[in-house]
Amino acid sequence: MAFEQPLDRTAPSISEAIDHERGRQESTLGMIASENHVSESVLEAQGSVLTNKYAEGYPGGRYYGGCQHVDTVEELAIEHAKDLFGMDHANVQPHSGTQANMGVYFSVLEPGDRILSLSLSHGGHLSHGHDVNFSGQLYDVEQYEVDPETGYIDYDAVASHALEVDPDIVVSGSSAYPREFDYERINEIADDVDAYHLADIAHVTGLIAAGVHASPAEHADFVTGSTHKTIRAGRGGFIMCDTEHADDIDSAIFPGAQGGPLMHNVAGKAVGFAEAQTSEFESYAEQVVANATRLAERFTERGLALVSGGTDKHLLLVDLRDSHPGLTGKQAEAALNDVGIIVNKNTVPGETRSPMVTSGIRVGTPALTTRSFEEAEMGIVADLIVDVLDTPDDDAVHDRVTSTVDDLCEEFPIYE
Ligand SMILES: *Cc1c(COP(=O)(O)O)cnc(C)c1O
């Protein structure tokens, strides 16, 4: 019966696509800043029979019978989240980081209330109020920007902006801002106008879990994150808050924004969060930043301009306009893709091209660091990238870079 047959028999095209995707990950250098590779244990938890279980509600108070084992899983995920980030309450059910933010907005905002957040083209996220996202459609959105000269957020400007527009919630956190956020300062700004502070740590979850970046726990009413970026806990999101907001957050997620939780993903979160409590993970997170720092240094030596001049974290934003005026982000992404280096095009502050074209690329180190790349390899990779950007149509460069990428991938396998 088909029910018991392996995937390659019952759905050969899907099985083949999965094998090809595994091969693609092994044979290319993944440098998309929001991606990573999870452990075999997280893969196993996510691919488990937990996918069969309905568990609407929360541990100890479910709308379905038979929840004793999924309760164990969710309770562990919650405990690990609280230990890692130091807040009273954690909700690990959001299906994604966007839904975690939805949970926060639903818990304290009314439609038409005002959000103050970092603009998308300056590093913000769709779920911080972009007009194509529910957050921009339901709420009134004001955005702050980075200083075009320095590439840093000008907190004094954010403070006067807040006084001027009187937001109901101020959002810190970003997808493409290469510097650490000053959560304490944003909190003061929010307090001064009697607004909530949501710290969205989606990108830096792993860096904060490991203590490499300071936690916003003491400086925010709500902390949201994704679980698949610098932390390696499989795809999903989570929310943390103090006891005061716990019930409102829980009911905003279920039944407010979602139905049954994805218990197999909650299991992935429990396993990945536990991995993040180890000293190996701490070394990993330190190396992620050391690798990005090395990449930044070599890029700069080779003449690339970086937004803010460098990085504090796992990603860099390269502004190609001065160094490579004829090359768009889209062309750079394609040329690098052709040699097996996977990055994404990205808008830069003061962008003049469309978001589908852009003038920059975003480059990240979490996935390569999982493969055990260190500073020496990052120097090599930096040179490969600049060689391609300098001569995107040169076949000899293309062949030489491709073969070095192949060698590196073979030397540093992901799943043996
Ligand atoms: C990635 C990200 C999210 C979450 O994205 P999902 O794809 O919905 O999981 C939220 N906020 C920021 C700042 C992000 O970078």
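From a predicted model like this one, the values you see are computed outputs, not experimental measurements. (Residues numbered from 1 in each chain as written. Predicted model: local features only at pLDDT ≥ 70, side-chain atom pairs only at ≥ 80, totals over all residues. Heavy atoms only, no water.)

K.L.:
Teacher, can you tell me more about the UniProt feature "modified residue: N6-(pyridoxal phosphate)lysine" (unreviewed entry) in the chain here?
P.N.:
Under the feature "modified residue: N6-(pyridoxal phosphate)lysine" (unreviewed entry), the UniProt entry names Lys229. Topologically, lysine 229 is positioned in the loop between β9 (222-226) and β10 (237-241). Taking relative accessible area as the criterion, lysine 229 reaches 10% and is therefore assigned buried. Excluding its chain neighbours within four sequence positions, the residues that come into contact with lysine 229 are Ser34, Glu35, Asn36, Ala202, His203 and Pro366. (UniProt positions renumbered as here; feature names shortened; annotations may be inferred. Helix = DSSP H or I, 4+ residues; strand = E, 2+ residues; numbered from the N terminus. Buried < 20%, exposed > 50% of the residue type's maximum accessible area, 1.4 Å probe, protein only. Contact = heavy atoms within 4.5 Å.)

K.L.:
I keep staring at the site of the ligand and nothing clicks. Help me out?
P.N.:
Around the ligand sit Ser96, Gly97, Thr98, His125, His128, Ser174, Ser175, Asp200, Ala202, His203, His228 and Lys229, and those are all the residues in its vicinity. Considered class by class, the residues forming the shell around the ligand number one nonpolar, nine polar and two charged. (Near = heavy atom within 4 Å. Nonpolar A, V, L, I, M, F, W, Y, C, P; charged D, E, K, R; others polar.)

K.L.:
So what exactly am I meant to see when it comes to the sheet that holds strand β4 (residues 89-91) here?
P.N.:
Backbone-to-backbone hydrogen bonds pair the strands of a sheet. The strands run either parallel or antiparallel. Taking strand neighbours across the sheet as the criterion, the seven strands line up as β4-β10-β9-β8-β7-β5-β6 in an open arrangement whose pairing is mixed. Each edge of the sheet is formed by a strand with only one pairing partner; in this case those strands are β4 and β6 (140-144). When the angles between neighbouring strand axes are averaged without regard to direction, this sheet yields 20 degrees. One ladder, built from five bridges, connects strand β5 (residues 114-118) with β6; its direction is parallel. When the sheet's bridge partners are listed, leucine 116 is paired in β6 with glutamate 142. Of the strands in this sheet, β5, β7 (169-172), β8 (196-200), β9 and β10 touch helix α5 (residues 97-108), which is tilted by about 160 degrees from β9. (Pairing = 2+ DSSP bridges. Axes fitted to C-alpha atoms, helices over the stretch in contact; angles between N-to-C directions.)

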